[in-house]
Amino acid sequence: MKTNRRSFIKKSTAGVAAGLIIPGYTYNLENKAMNEIIGHGDFRYTVDKEWGVQDPSKIPVNDCHEMVLDSKNRILMTTTGEHNNNVIVYDRSGKVLNSWGTEFPGAHGLSIAGEGSDQFLFITDPNTHQVFKTTLDGKIIMTLECPKEIEDYTSNDQFLPTETAILPNGEFYVADGYGKNFIIHYNAKGQYLNHFGGSGKGEDKFNCCHGVTLDTRNPSNPTLLITSRASQEFKRFSLEGKHLETIALPGCSICRPVINGENIFFAVIVTKTWDSWDGMLAILDVNNKIVSLPGGSKPNYTNGILTPPEFDGKTFRNPHDVLVDNDGNLYVPQWASGKTYPIKLNRV
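Conventions used here
Residues numbered from 1 in each chain as written. Predicted model: local features only at pLDDT ≥ 70, side-chain atom pairs only at ≥ 80, totals over all residues. Heavy atoms only, no water. Phe/Tyr/Trp six-rings, centres within 6.5 Å; stacked < 30°, edge-to-face > 60°. Buried < 20%, exposed > 50% of the residue type's maximum accessible area, 1.4 Å probe, protein only. Lys NZ or Arg CZ within 6 Å of the ring centre and 35° of its normal. Pairing = 2+ DSSP bridges. Helix = DSSP H or I, 4+ residues; strand = E, 2+ residues; numbered from the N terminus. Axes fitted to C-alpha atoms, helices over the stretch in contact; angles between N-to-C directions.

Caption draft 1: Looking closely at the packing of aromatic side chains. Applying the stated criterion to the full structure yields 14 aromatic pairs. Pairing Phe120 with Phe122 gives two aromatic rings, centres 5.8 Å apart and planes at 85°, and the pair type is edge-to-face. Accessibility expressed as a relative area gives 13% for Phe120, which makes it buried. The buried category is assigned to Phe122, whose relative accessible area is 1%. Among the aromatic residues, those joined into a cluster by ring pairs are Phe120, Phe122, Phe172 and Tyr186. The ring of Trp277 has Arg317 sitting right over it, with the charged end atom 4.7 Å from the ring centre.

Now the structure itself:
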């Protein structure tokens, strides 16, 4: 039975929709590496669909959400599920080194910060309405609940966090992307400092602030780059919460921005419909122009406005995030994809 878009939005707002969509067409389920090249310009890749494949009886996944790289070149990924570990640890070859954490059944956002042995993670879980700070081996060292300091929240289940962004001094921001659409600022101890945003159409409001990241490409003036996914745009804010610019990306339902070098990488989870497998990756240059769409049509602008891209019909199934390694290769976890394991794109 197909799930229509209206039903999907209602369920995703409740933080439980990820496993409820059954795509409307048949997909080749064989995990085979593809020899063809995808992408455009300087960002072209071969596709390896075998990279992260495991025995599901030993290493099960449900909906895979986000990936990060630690200082030991290990790749950590969040995946949902009530009866499986919610964090899987890979090496660069795709071998599973470890898995842990059954406390995060809706494991969604995954951020990493710190240096060497002092690195730590933030995991957001809209199902439990919590944000967790953990060690790299899964010890929980902080748990955040619904922020009582914000009067708009009248019950805990209204808090549906999707992402975090961490400052060098340990302060951090939480994006309540499936809830009230606030960006909430905490100190390093997890104490509330302030908040901004909220649901709405104004330039300082959000329509699903699904992802947030710290943009330090201008070291003297770091900013927050925040997704307004349902409006198909990024919004840039100062660290104090002042709106600075909006980057419109028609046709791109954006997950989170990932900064690598001078570029912004992100997954386009869907372009047209929510009830069939879709999506691609996108890469922006320093002028906020898309220069490559792996898994999609060649980027095209008319009078400075992006032409909505077309899915290539085969590469991805609802990609949710992208990780860039030190060699420029990409790793892509996928949401509502028939319990697929992450895909690797080898840079050409």
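The structure having been displayed, the exposition proceeds.
Caption draft 2: A look at the sheet that holds strand β15 (residues 212-215). Reading across the sheet, the 4 strands line up as β15-β16-β17-β18 and stay open at both edges, with antiparallel pairing between neighbours. Two strands in the sheet have a free side with no partner beyond their single neighbour: β15 and β18 (243-248). Across the sheet, the mean angle separating the axes of adjacent strands is 25° when strand polarity is ignored. Pairing analysis gives 4 bridges linking β15 to strand β16 (residues 223-228), with the strands arranged antiparallel. Bridged to Val212 within β16 is Ile226.

Caption draft 3: Fine view of the pairing of strand β7 (residues 110-113). One ladder, built from 4 bridges, connects β7 with strand β8 (residues 120-125); its direction is antiparallel. In the sheet register, Ile112 faces β8, and the bridge partner there is Leu121. Connecting β7 to the antiparallel partner β8 that follows it, the hairpin turn spans 6 residues, and Gly114 within it adopts a positive phi of roughly 95°.

Shape is all these values report; function is a separate question.
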